[in-house]
Amino acid sequence: MSDATETHCPYCALQCGMGLRPADGPVPVTVVERPAFPVNQGALCGKGASAAAVLAPGARLTSPLVRVDGELRPASWPQALDRIAAGLAGTAERYGRDAVGVFGGGGLTNEKAYALGKFARVVLGTSAIDYNGRFCMSSAAAGGIRAFGVDRGLPFPVADIPRAGCVILVGGNPAETMPPFVRYLRELKENGGRLIVVDPRRTRTAELADLHLAPRPGTDLALALGMLHLVVADGRTDEEFIAQRTTGWPETRDAAMAHWPEHVEAVTGVPLPQLREAVRLFCGAPTGMVLTARGPEQQAKGTDTVSAWINLCLATGNAGRPYAGYGCLTGQGNGQGGREHGQKADQLPGYRKLDDPAARAHVAAVWGVDPDSLPGPGRSAYELLESLGGEVRALLLMGSNPVVSAPSSTRIAERLGSLDFLAVSDVVLSETAELADVVLPVTQWAEETGTMTNLEGRVVLRRKAVDPPEGVRSDLEVLRALAERLGRPEGFPTEPEEVFEELRRASAGGAADYAGISYPRIAAEDGVFWPCPEPDHPGTPRLFLDRFATPDGRARFTAVQHRPAAEEPDTDYPLRLTTGRVLAQYQSGAQTRRVEALNQAAPGAFVELHPVLAERLGVREGDRVAVVSRRGRTVTPARLTAAIRPDTVFMPFHWPGEANANRHTNPALDPVSRMPEFKACAVRVEAAD
Ligand code: SF4
């Protein structure tokens, strides 16, 4: 490890530590273990272990591309940057500043996310900015803020999980999405703790559980209400905790008591004895945790669903004390930090609100601008994409691939195609970059330094291990060059540490306060947990032990009601489709589909059907079948498994074209978080022509 650069995986929110050793050949580094990093202790999944393959020049972009006569052709950096500056400035001149949009990504470092938000507000003066992290954990963020006054994925380190008495994992499959995390679930069981997994599929994670509940997609809210009903009916509430540390219990209790367990059984499909057993395990343990992931969150009622699970924690006294509480397993590499530093439509750095005059004044002072010059909150991610070609006519997109990852993806590809001008900055020629007028090839994880904030709120340091190929520049250099061309050259440094120093000042005093965090500290301490307001502050691995981050220090119950999915099955579309990930691919697959080893393991899409459903449809293993929804049609091989409910089908969403699961997903939005309903829509399955 001595000659290896200590850094982190480019993919998911666990941000596993890894080492990179120089290597000969087209792939310039070899990934090695970094056993001293506490989160993964050397373990990596196949995605992380093979990540270096995308560094090879043959796997990625090495020259800017500019569209000429309908074709993307290699161009010089000045030509490409001039064209982007002209496209953005011309659109603003013709249609106004809000006609220029910016779309970021949850994989960008904190420094890039910060600089991108500043670029949008200060250089472009547009309110039209959001990012793909909105599609990831925005419902958990909204539910967390509603209850606790602050949103941090986990309010405790992952190492606390094995010390809980019982963990309920709702709608997450870390055995495939972040395998090194599974050791914490195994340790939980070795310590005598209980694991309950809630998932419509009997996933590899569900196989580990003491109890697996398999509700119909879109009914987790009813399940949580049913459990709370039983907790109250059985007299298992923690009245002392409720009285001393919460508000809003009577309304929440009344709402739960209206959800009779028999009704919950009918709505969810979970047998009543299993519901009772879940309550018995959870309430019988000394402490309990509820961890949610995309299953309950990616719904048009995702925020209320998260609130329902938080209510269960609060009613049983499982919050604000060690080895207990609610947490969200964030998804993208910097899904957490990406939403703290200003690329979200309604936020400024430090998790400040853009419509808060004091927040605007603080950040404007750091940026050296008049607070009144800052635009107000803009549209959420899907609404921004939906407005393309209409109110928004030019778009700068960084590190995102919505043609594959956005809901109702065919529609979104059309909207992108209707723009007057599209510029994409990315490592590879993604399906979205293929539609662009200009594509900029940028550096990736091993070629640049920057910070990421993992699912625990631990700020970690990604270190540069190798020079990028000739022709490739960093996103920070891109923003600086564009700012110069657009007449605002000052305030856009290209050194990541310089950007971070400014980010510290901009975040000071905010909910996500990084003021006391520095590169040397992160390096010395294996990461620092925010909030960390002063250089001599130890950081905050565990939140809420003394008080919650609400004005009165109490956690807030929210009374919520179950409601059906926005699109329920009917005669024409009698099945529920739910979507997710597989072990060997990551998100839209833009990077992982370029890695041979991963493609061999997971070469393409499929649709999972229960054998009973398959027999009724006359489908055999491997048959190519069409999945049809109100929004599109896909054709994939059928995969038969008894691990899924007979009324539900599953598709992974990593592949483009006729196999793209997001052709079907429903853009019905949560009223609070503006999260689309990825996890439940109505489809039929039929023979492919
Ligand atoms: Fe990378 Fe996540 Fe795999 Fe760790 S679990 S190696 S962070 S993809």
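Residues numbered from 1 in each chain as written. Predicted model: local features only at pLDDT ≥ 70, side-chain atom pairs only at ≥ 80, totals over all residues. Heavy atoms only, no water.

Asks: Describe the side chain of threonine 7, with residues and values.
Replies: Turning to its location among the elements, threonine 7 is positioned in strand S1 (residues 5-8). In contact with threonine 7, other than residues within four places in its own chain, are Cys16, Gly17, Met18, Leu20, Arg34, Trp445, Leu461, Arg462 and Arg463. (Helix = DSSP H or I, 4+ residues; strand = E, 2+ residues; numbered from the N terminus. Contact = heavy atoms within 4.5 Å.)

Asks: So, the packing of helix H7 (residues 220-233) against helix H9 (residues 249-257): which residues are in play, and what are the values?
Replies: The contact between H7 and H9 brings their axes to 8 Å, and the two run at 105°. Classed by the angle they form, the pair H7 and H9 counts as roughly perpendicular. Along the contact surface, H7 presents Leu225, Leu228, His229, Val232 and Ala233, while H9 presents Trp249, Thr252, Arg253, Ala256 and Met257. Here the contact of H7 with H9 is built from residues that sort into seven nonpolar, two polar and one charged. (Axes fitted to C-alpha atoms, helices over the stretch in contact; angles between N-to-C directions. Parallel < 35°, antiparallel > 145°, perpendicular 65-115°, else oblique. Nonpolar A, V, L, I, M, F, W, Y, C, P; charged D, E, K, R; others polar.)

Asks: Please give an account of the packing of aromatic side chains that cites residues and values.
Replies: In this structure the tally under the stated criterion is 11 aromatic pairs. Judged by centre distance (5.1 Å) and plane angle (50°), the ring pair of tyrosine 11 and tyrosine 586 falls under tilted. One end of the pair, tyrosine 11, is in the loop between S1 and strand S2 (17-22); the other, tyrosine 586, is in the loop between strand S23 (575-580) and helix H22 (596-601), and 575 residues separate them in sequence. Looking at tyrosine 11, the relative accessible area reads 3%, which means it is buried. On the basis of relative accessibility, which here comes to 8%, the residue tyrosine 586 falls in the buried class. Note on phenylalanine 500 and tyrosine 519: the rings are 5.4 Å apart at their centroids and 45° apart in plane angle, and the pair reads as tilted. Linking phenylalanine 500 in helix H20 (residues 496-507) with tyrosine 519 in helix H21 (residues 519-525), this pair joins segments that are 19 residues apart in sequence. Given a relative accessible area of 0%, phenylalanine 500 falls into the buried group. Residue tyrosine 519 is classed as buried on the basis of its relative accessible area, which comes to 6%. (Phe/Tyr/Trp six-rings, centres within 6.5 Å; stacked < 30°, edge-to-face > 60°. Buried < 20%, exposed > 50% of the residue type's maximum accessible area, 1.4 Å probe, protein only.)

Asks: Break down the side chain of threonine 540 for me, with residues and values.
Replies: One can find threonine 540 in the loop between strand S21 (528-529) and strand S22 (555-556). A distance of 2.6 Å separates a polar atom in the side chain of threonine 540 from the backbone oxygen of proline 531. Ignoring anything within four residues of it in the chain, the contact list for threonine 540 reads Arg152, Phe529, Trp530 and Pro531. (Polar contact = N/O pair within 3.5 Å; in protein donor to acceptor, adjacent residues only side chain to side chain.)

Asks: Break down the packing of helix H15 (residues 357-367) against H20 for me, with residues and values.
Replies: Contact pair H15 / H20: the axes reach a minimum separation of 9 Å and the direction vectors enclose 155°. Considered as vectors, H15 and H20 are oriented roughly antiparallel to each other. The handedness of the crossing between H15 and H20 is right-handed. Here H15 contributes His362, Val363, Val366 and Trp367 to the contact with H20, which in turn contributes Glu502, Arg505 and Ala506. Tallied by class, the residues present in the contact of H15 with H20 amount to four nonpolar, one polar and two charged. (Left-handed = near helix turned anticlockwise from the far one by under 90°.)

Asks: Pulling in residues and values, what's your account of the sheet that holds S21?
Replies: Read from one edge of the open sheet, three strands run S19-S20-S21, paired in antiparallel fashion. The open sheet has two free edges, formed respectively by strand S19 (450-453) and S21, since each of these has just one partner strand. Relative to strand S20 (residues 458-462), S19 runs antiparallel, the two sharing four bridges. Of the residues in S20, the one forming a bridge with threonine 453 is valine 459. (Pairing = 2+ DSSP bridges.)

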